[in-house]
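Coordinates in review
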Amino acid sequence: MTSQERNAEKSEGGAIDKSLAFWEIISVITSCLIGEWVVFSVGRGSSVAFGVLVFIVFAFMFTSHRLRGESARDLGLRLDNFVAAARLLILPMLLASAVLILIGYSKGSLGFFRWRGGQSILGIPALGIFWGLLQQYALQAFINRRAQLIWGRGALSILFVAVMFAVLHLPNPGLTLATFGGGLLWAAVYQRAPNLLALALSHGIMTWILVSTIPAPLLGGLRVGFKYFG
Amino acid sequence: MNQTRLFRLLIAKSIIETFFVGTLAVVFFYTAFPPQFHGWGEATPDSIAGWAVNHSAPWDRVELQLFVDGKFVASGTANLSRPDVVAAGWSKDEWHGYAFSAPPLSVGDHEARVYAIHESGGGIRQTLQLVGNPIRFSFHANGKLSELTSANDSSNPKSN
């Protein structure tokens, strides 16, 4: 085999890999949309149906990581770059929080203890961070990493991740807009310092600030998919 | 990286999810529109009348809604005596008949449809299922009805 043939084969393998990465993303997004639009409509939000779907999608993502030889450290489950990621996050978070607080103040909708009335204040960040970790894992450790395989690091893959994150929050307009902004920030930070714990913490905090500042009707009860309609 | 295995994984996931969505759709349809309602109706001179039975709950009285020309007209319960329905083996007791009084209509031809109301999802969802066939009838100036076509329905106890 000549070097030209080897190069052609390598190029073909790269194209196939990009194609596979693209279909992996589509597959995970499809699963999420099935959960939001099908399970919550015809499945009436059945916990069994939802559990089956969650199992399918997580089994798929874990198997994909194994087949691609990705370790937990590669994915961002690590502590060594936590501070670096936190440093990248802190300024945009402070700016976004200031804007949100100003909006909340002007609308008279500030209320940092109103999230899920009756729930322990200690439970709020815990729930938010856990839910944030799950979302950031799927969004960054899977979708962002696959997007980088296709388009490389940079604006295009970051924009793609943010758009996907926003699409998953349709048809809730407030949340779609907020997640697009959040998606841009978290995808950019992950590409520079892949740390899921810092992103989960940021996700939980920003969710709490969002629901504590923006008037509740604008957030549609944080409902997405079919559930948004009631 | 094993591209072939990843490719197979994608195919397998797609197939599993297709079955998953298909199962959800079938379960939903069976729950919301269970094939357990039977009945029959006709236009009598003074009413739209017939019978309706829920075979999964044969002792229950079926709630009904009458639509004429696609518009809701009245609701009621199939709880009138219809011994012929028992005799034909369609129900366990005779109290499954219904009769909706002739609604005020324009003179001419119309179509009535009688639907059984089915509750599912713990009462959060109600669906309508057509009982028997659509009933085509004429409304006359004297306020009387006459059926345009005789129902060719095997579930008509009169024909058994």
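Residues numbered from 1 in each chain as written. Chains lettered and ligands numbered in written order. Predicted model: local features only at pLDDT ≥ 70, side-chain atom pairs only at ≥ 80, totals over all residues.

**Describing the pairing of strand β6 (residues 95–101) of chain B**
Residues and elements named next belong to chain B. The condition that has to hold: At least two bridges found by DSSP between two strands is the condition for calling them paired. Numbering of helices and strands runs from the N terminus; a helix is a DSSP stretch of H or I covering at least four residues, while a strand is a stretch of E covering at least two.
Taken together, the five bridges between strand β2 (residues 47–54) and β6 define a ladder with antiparallel strand orientation. If you follow serine 47 over to β6, its bridge partner there is serine 101. Two elements, strand β5 (residues 80–81) and β6, share two bridges in a ladder whose sense is antiparallel. By the bridge assignment, leucine 80 is partnered in β6 with glycine 97.

**Description of the interface of chain A and chain B**
What counts, and what does not: Contact between two residues is assigned whenever their backbone-derived C-beta positions fall within 7 Å. All amino acids are sorted into three groups, where Ala, Val, Leu, Ile, Met, Phe, Trp, Tyr, Cys and Pro are nonpolar, Asp, Glu, Lys and Arg are charged, and the leftover types, Gly among them, are polar.
Contacts between chain A and chain B engage 23 residues on the former and 18 residues on the latter. Secondary structure elements with two or more residues in the side of chain A that touches chain B: α1 (3–39) and α2 (47–67) of chain A. For the side of chain A that touches chain B, the element with the most residues is α1 of chain A, which contributes ten residues. Class assignment for the residues of the side of chain A that touches chain B results in 13 nonpolar, six polar and four charged.

**Concerning the domain arrangement of chain B**
Threshold: As annotated, the domain borders come from an automatic or database domain assignment.
Domain boundaries assigned for chain B yield domain 1 (1–32) and domain 2 (35–159). Taking only C-alpha atoms into account, the centre of domain 1 of chain B sits 41 Å from that of domain 2 of chain B.

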